[in-house]
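Observations on the three-dimensional arrangement
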Amino acid sequence: MNKAYVIRIKDHAESERQATNLIVSNSTVKNKIDIIKFDATTSDEVPNMLSNERIQWTYPWDGEIKDMRTGLTLKGYETAVPSKRIACFFSHYRLWKLAAEEEFPILIFEHD
């Protein structure tokens, strides 16, 4: 069976409801995918995550910069709470690491 995770904010009513809807829908249509709820990283966890993972956030919040290493142009876009955007990244990052460590592909869904 294929493995999949749905990122949801634990104990957040709407997030939990949407994640459950996905899991029920998946079962209803008889997909051969086992969807597991995955606790989202929250904004209050960001400082420790950045430190523990030795990640320096360099993506621009506004304007644009050219990343000479990759050749990509990184364009900032406005965000009300930057730590929430970084938390979203970390939710995915943790699952990417899990897939790499297990050497097994996974699907990643978001509750919304």
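Higher on the page you've got the structure.
All values derive from a computational prediction rather than experimental measurement.

**Some points on the sheet that holds strand S2 (residues 33-39)**
Spatially, 3 strands are ordered S2-S1-S5 in an open sheet, and the strand pairing comes out parallel. Strands with a single pairing partner mark the edges of an open sheet, and in this sheet they are S2 and strand S5 (106-110). Taking each pair of neighbouring strands and ignoring which way they run, the sheet shows an average axis angle of 30°. Sheet topology places strand S1 (residues 2-8) next to S5; 5 bridges connect them, and they run parallel. For Tyr5, the partnering residue across the bridge sits in S5 and is Ile108. With respect to the sheet, helix H1 (residues 13-28) is in contact with S1, S2 and S5, its orientation differing from that of S2 by roughly 170°.

**As for the side chain of Glu16**
Note that Glu16 resides in helix H1. Ignoring any residue separated from it by four or fewer positions in sequence, one finds Glu16 in contact with Arg8, Ile9, Lys10, Asp11 and Lys37.

**Some remarks on H1**
For H1, spanning 16 residues, the distance from its first C-alpha to its last is 22 Å, which sits close to the expected 22 Å at 1.5 Å a residue. Of all the residues in H1, the buried ones are Ser15, Glu16, Ala19 and Asn26. Angularly, the buried residues of H1 cover 100° about the axis, an arc narrow enough to put them on a single face. Along H1, exposed side chains directed more than 90 degrees from the buried face belong to Ala13 and Thr28. Close packing links the buried residues of H1 with S1 and S2. Of the residues trailing H1, Lys30 is marked for its positive phi of about 60°.

**What about the environment of Met49?**
When you line up the elements, Met49 lands in helix H2 (residues 46-52). Looking at Met49, the relative accessible area reads 15%, which means it is buried. A sequence separation of 39 residues divides Met49 from Lys10, and the C-alpha atoms of the two residues are 18 Å apart. Not counting chain neighbours up to four residues away, the residues in contact with Met49 comprise Thr41, Arg54, Phe90 and Arg94.

**Observations regarding the pattern of salt bridges**
For the structure shown, the criterion picks out 6 salt bridges. A salt bridge links Asp39 to Arg8, with the nearest nitrogen and oxygen atoms 2.3 Å apart. Residue Asp39 is located in strand S2, and its partner Arg8 is located in strand S1; the two are separated by 31 residues in the primary sequence. Judged by relative accessible area, Asp39 falls into the partly exposed class, the value being 33%.

What counts and what doesn't
- All residue numbers refer to position in the chain's written sequence, counted from 1.
- Only residues with pLDDT of at least 70 are given local features in this predicted model, and only at 80 or more are side-chain atom pairs given and counted; all residues enter the totals for whole chains, interfaces and linings.
- In computing side-chain values, all of the structure's heavy atoms are included and hydrogens and water are not.
- Note: two strands are recorded as paired if DSSP finds a minimum of 2 bridges between them.
- Counting from the N terminus, the helices are the DSSP runs of H or I reaching at least four residues and the strands are the DSSP runs of E reaching at least two.
- Only the stretch in contact is used when fitting a helix axis, every axis being a line fitted to C-alpha atoms; angles between N-to-C directions are given from 0 to 180 degrees.
- We call two residues in contact when some of their heavy atoms are within 4.5 Å.
- Expected span of a helix: the number of residues minus one, times 1.5 Å.
- For each residue, the accessible area found with a 1.4 Å probe, counting protein chains only, is set against the maximum for its type, and the residue is called buried under 20%, exposed over 50%, and partly exposed in between.
- Regarding the arc, it is the one traced by the directions from the helix axis to the C-beta atoms.
- For this analysis, a salt bridge means a side-chain nitrogen from Lys or Arg found within 4 Å of a carboxyl oxygen belonging to Asp or Glu.

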